[in-house]
Amino acid sequence: MPTKGALYHAAENRKPPTMSQHVVVIGAGIVGVSAAIWLRRAGAQVTLLDRAEPGRGTSHGNGGVLAASGVAPVTGPGLLRKAPGMLRNPEFPLFLRWPYVPRLLPWLRRYMGHANDRDTRRISRGLTPIVSDSLAQHKALCTDLGLADWVRDSDYCFAYTNRAAFEAEAYTWALRKAAGFTPELIEGGAVQEFDPAFGPEITCIARLADHGFIADPGGYVRALAKAFEGMGGSIRQAEVQDVEITGEKVTAVLTSAGPLPCDDVLLATGVWSKPLMQKLGVNVPLESERGYHIVFKDAEGGPSRPTMMAAGKFVATPMAEGLRCAGIVEFGGLEAGASKAPLALLRRQAKAAFPHLTATEEIEWLGHRPAPSDSLPLIGQIGTSRVYTAFGHHHIGLTGGPKTGRLIAGLITGQPPNTDLAPYHPQRFDGGRQAWDCNNKGETK
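Residues numbered from 1 in each chain as written. Predicted model: local features only at pLDDT ≥ 70, side-chain atom pairs only at ≥ 80, totals over all residues. Heavy atoms only, no water.

Visitor: Before we go on, may I ask you to explain helix α5 (residues 101–112) in this structure?
Guide: An α-helical turn contains 3.6 residues, so a residue and the one three or four places further along point in the same direction. For α5, which comprises 12 residues, the first-to-last C-alpha distance of 14 Å sits more than 12% below the rise-based estimate of 16 Å (1.5 Å per residue). Residues Val101, Leu104, Trp107, Tyr111 and Met112 constitute the buried set of α5. Within α5, the buried residues cover an arc of 130° as seen down the axis, which keeps them to one side. Structural note: α5 exposes Pro102 and Arg109 on the side pointing more than 90 degrees away from its buried face. Elements that come into contact with the buried residues of α5 comprise α4 (79–88), β4 (94–96), β13 (286–297), β16 (322–331) and β17 (361–372). (Helix = DSSP H or I, 4+ residues; strand = E, 2+ residues; numbered from the N terminus. Expected span 1.5 Å × (residues − 1). Buried < 20%, exposed > 50% of the residue type's maximum accessible area, 1.4 Å probe, protein only. Arc of directions from axis to C-beta. Contact = heavy atoms within 4.5 Å.)

Visitor: Would you explain the packing of aromatic side chains in this entry?
Guide: Aromatic ring pairs are defined here through the distance separating the ring centres and the angle between the ring planes. Tallied over the full model, the rule gives 9 aromatic pairs. Seen in terms of ring centroids, Trp107 and Phe331 are 5.3 Å apart; in terms of plane orientation they differ by 50°. Their pairing is tilted. Residue Trp107 is found in helix α5, and its partner Phe331 is found in strand β16; the two are separated by 224 residues along the sequence. The same class applies to Trp107 as to Phe331, namely buried. The interplanar angle of 40° and the centroid separation of 5.8 Å between the aromatic rings of Phe198 and Phe354 together place this pair among those described as tilted. Linking Phe198 in the loop between α10 (190–194) and β7 (204–214) with Phe354 in the loop between α13 (340–353) and β17, this pair joins segments that are 156 residues apart in sequence. On the basis of relative accessibility, which here comes to 1%, the residue Phe354 falls in the buried class. Each member of the aromatic cluster is reached from another via a ring pair, and the members are Tyr156, Phe158, Tyr160, Phe166 and Trp173. (Phe/Tyr/Trp six-rings, centres within 6.5 Å; stacked < 30°, edge-to-face > 60°.)

Visitor: Where do I start with the sheet that holds strand β9 (residues 240–246) in this structure?
Guide: Whenever strands of a sheet pair, they do so through backbone hydrogen bonds, lying parallel or antiparallel. Strand order in this open sheet of 3 strands is β9-β10-β11, and the pairing throughout is antiparallel. Strands at the two margins of the open sheet, each flanked by one partner only, are β9 and β11 (258–261). If you compare each strand with its neighbour and ignore which way they point, the axes differ by 30° on average. Sheet topology note: the β9/strand β10 (residues 249–255) ladder contains 6 bridges and is antiparallel. When the sheet's bridge partners are listed, Ile245 is paired in β10 with Val250. (Pairing = 2+ DSSP bridges. Axes fitted to C-alpha atoms, helices over the stretch in contact; angles between N-to-C directions.)

Visitor: Looking at this model, I keep getting lost on the pairing of β7. Mind explaining?
Guide: In regular strands, side chains alternate between the two faces of the sheet. Within β7, 8 of the 11 residues are buried, leaving the element largely enclosed by the surrounding structure. Note that strand β3 (residues 65–66) and β7 share 2 bridges and pair antiparallel. Of the residues in β7, the one forming a bridge with Leu66 is Gly212. Relative to β7, strand β5 (residues 151–160) is paired through 9 bridges, and the arrangement is antiparallel. The residue of β7 that forms the bridge with Ser154 is His211. Note that strand β6 (residues 184–187) and β7 share 4 bridges and pair antiparallel. Residue pairing across strands places Glu184 opposite Arg207, the latter belonging to β7.

Below you can see the structure in the form of structure tokens.
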């Protein structure tokens, strides 16, 4: 891990020019912090606002992989047919909190409606510009801040029991190939030669080069936030209550610590963006996809590079604290605590995959992935209100955070991005880019 003394010198010595434009970025995860840094580089005055310290939420608990090949949505063809069997299978990492199902159904109908070939390919094309150059985007974000050591180049591997299991995912691999990612296959006894951590039941590895990972995602985001302060940015902790609209433009963010005047607002609060959007009169079909991880502290016998265990649908990443195994899909909302069964399954699958794994302690965690019904993030402006969005990244938050932050910062500061943002428009769920009546709190008409 980088030493603290070397982290911030570049940020402190390179203050950007300052313009009068004041942007409030709500949300201090990887997306919000990335946007705040790019906004400061463009010369805007920026306040980063969150109820917690930077990097304490989902940006802390993810799998740490910079998954440039993460272009395939969960909702592939055939999912509707397979889902009942997945739920009945105690070894499949899909769980429901049954009391929550009535609240989930409207979102679930829209989500499953995309489980077809046409929509899957459309979504994959939308994900590709956000994630496919992830490693380069992270380096562009942090290198000039003296934080390059946080980003590690690596392979990203997919582990299968056999060649047939790999070939059963041919559809998904075709999507990855279309985005420029073709694997090298390692088979038979060569698997254990490649990485002795794998048990004998793993006989096929699909290896992708040119990926990366972050060995301490939460620490990385906090280091970025500290560097942002060194650039002249401001960080405040407060609860956001509403935004104030005057003359059809945003003029302030209303917080528990009082109003915060501004020229522009960026919502980058993950799944918690939904109630803020509702206050603006925009309804977003967004749910929490509850994700779990277990850190096997001071682990020995784990993989030497990030690996997706295909059978269990979890990623195992060697991190500073130990081996982090992250995955599981559970739908149960924001309020319920952690379930025992998903953690038990994750622990069981990790120890089966890595039979020599030992640890001094096991640390459990539950977080909330922001899942839009079409699996694409919301990136853009709400009407002409100068309220912008950058949330809804589902499984690609850490991977796509720096690219999203760069795109939205360019949009806010009048530097048109070279990426078509139409697939991510924040009002697409209301039938397109309707007019936004700011005097009526954002109701479309």
